[in-house]
Amino acid sequence: MLDRKFIVENAELVKENCRNRGVKVDVDRFIELENQRKSTQTELDEWNRRANEVSKSIGKAKDTAEREARKEEGRQLREKAAAAEAEMNSILDELAAIHKSIPNLSHPDAPIGADDKANLERFRGKTPVPTLDFQPLDHVQLGEKLDLMDFEAGARVAGHGFYFLKNEAVLLELALQQYAVQFLLGQGFVPITTPDLARNDVLEGTGYIPRGPETQIYSIEGTDLSLVATAEIPLGGLMAGQTVEADVLPLKYCGISHCFRTEAGAHGRATRGLYRVHQFTKVEMFAFTLPEQSEAMLDHLRDMECRLFDGLGIPYRVVDTATGDLGGPAYRKYDLEAWMPGRGEYGEVTSTSNCTDYQARRLNARYRVKGEKGTRFLHTLNGTAIAISRALIAVLENHQQSDGSVAVPDALRPWVGKEKIEPKSAA
RNA sequence: GGAGAGGUGGCUGAGUGGUCGAAAGCGCGGGUUUGCUAAACCCGUGACCUCGUAAGGGGUCCGCAGGUUCGAAUCCUGUCCUCUCCGCCA
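Read on for an overview of the structure.

Counting its secondary structure elements, chain A contains 13 helices and 17 strands. Dimensions along the principal axes, computed over C-alpha positions, put chain A at roughly 105 × 45 × 40 Å. The 427 residues of chain A split such that 49% are buried. Expressed as a percentage of contacts within chain A between residues at least 6 apart in sequence, the contacts between residues at least 24 apart total 72%.

Right, here's the structure in full:
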């Protein structure tokens, strides 16, 4: 959420930003309601003040008659206060509904555009896109040849979008986690595993919508819990309602969690194989910072992602996400898109966002500076270190050899325990 | 799942109908003293909303939501959470 006062004082800026983001919001109505809120608040305060005054005077009443008269007066004042409060509540409800739909501001350098077609390539990774002298297979074909995954069994057990990983794919999953965590550990991140479920108010605080027809979220029937779509959710929730001392910032976490997504409405495109699945494992970076630290932290997180994928020998490009494609909470976002030879195109493998104080305000995550009065909102940032399913695609497809085997990237060999993945028993 | 106990300010923890935004201690900030450090002593110290240039005023908040009452941290109902014991279990 944006600061209410800020919205009122910068109405034109907020409106323009909503247009750039392709979000329809009635900012004028918000301002009207905000003014109503203030005047109703003043009215309510006044009734309460007079009622409190009367209550205090009752103890000092001279006789029963006066006491009863004052009680009656108090009753009436409380009734007026209750009426003002009811009005207040309906104003607050409408206000909150609009407030929630106003997206974060956008970084001035973020490309302006309606959707991902307007995303701007900033630079490419160290590994060049290879020119292959053979027809590359996609990861599904490779997986079949090398006996690495079973989509049919996944569908049998849990439906389309679920899968079993087998053999070296399992070793690769574990290796990728080790690789990412060990690297980030060396960069000062605190490793952490998270709950795979979270309360719905934590989901909402991080900007996810747990219910409704377009929800990406699986919810647990009969409870207030949902399966998390990313470790960003529990990691954001880590600080919900907390106030930290400024001198402990920035806090950098690398969280491992499972991610569950319904992918509602996403069928038909890129649903083959591991690209768009209902469950995957992810190593996620998350940072809480001071406001003046967040821009540098975003660059840092992006740099971590680049180094991880450079280290795997995977070609990628970095795109600066266009305003219309930022989603609600992000102020600026970079995606890494890895080259996927099987598709013959780039596909998103990581994403890092600076959410400034937008999530923190909803989560009520604050910091305090010693010697200063009051508290302020933290800035939150998140970034994918490795999303296993998509990283697997990139590793398998980019390191495939003409003989159908897959070379294990040097960086993963210590954990995979071999240099090459070859077809099982002569088939 | 069964039985209890409890949720109060940055922390510990008093407070069972009005004078309680809330004792006390710790912590924190400022000051006195001081060769330095420490100690001692004194003063101050919650958040949010709102009016005001300011000084300052008003309102709300004792897990959350309702209820009783002129008046609720305190009584009632619901709910969430935490802890202890038992059972079950990786």
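Time to look at the side chain of Glu 284. In this structure, Glu 284 sits in strand β9 (residues 279-289). Residue classification places Glu 284 among the buried positions, given a relative accessible area of 1%. At 2.9 Å, the side chain of Glu 284 forms a polar contact with the side chain of Lys 282. If near-sequence neighbours (up to four positions away) are discounted, Glu 284 is found in contact with Thr 230, Ala 231, Glu 232, Leu 235, Tyr 253, Cys 254, Gly 255, Asn 382, Gly 383, Thr 384 and Ala 385.

Turning to the protein's contact with RNA strand B, a few remarks are in order. The environment of RNA strand B is made up of 20 residues, and the closest members are Arg 37, Asp 45, Ser 55, Ile 58 and Arg 75. Of all atoms in RNA strand B that approach within 4 Å of the protein, 80% are sugar or phosphate atoms. Between Lys 71 and RNA strand B, the recorded distance is 3.3 Å, taken from a backbone N or O atom to a sugar or linking oxygen. Arg 75 places a side-chain nitrogen or oxygen 2.2 Å from a phosphate oxygen of RNA strand B. At the level of elements, α3 (27-58), α4 (64-101) and β13 (366-368) are the ones that each hand at least two residues to the surface near RNA strand B. In terms of residue class, the surface near RNA strand B is built from one nonpolar, eight polar and 11 charged.

Conventions we followed
Residues numbered from 1 in each chain as written. Chains lettered and ligands numbered in written order. Predicted model: local features only at pLDDT ≥ 70, side-chain atom pairs only at ≥ 80, totals over all residues. Heavy atoms only, no water. Helix = DSSP H or I, 4+ residues; strand = E, 2+ residues; numbered from the N terminus. Buried < 20%, exposed > 50% of the residue type's maximum accessible area, 1.4 Å probe, protein only. Contact = heavy atoms within 4.5 Å. Polar contact = N/O pair within 3.5 Å; in protein donor to acceptor, adjacent residues only side chain to side chain. Near = heavy atom within 4 Å. Nonpolar A, V, L, I, M, F, W, Y, C, P; charged D, E, K, R; others polar.

Everything listed here is a matter of geometry and, on its own, says nothing about what the molecule does.
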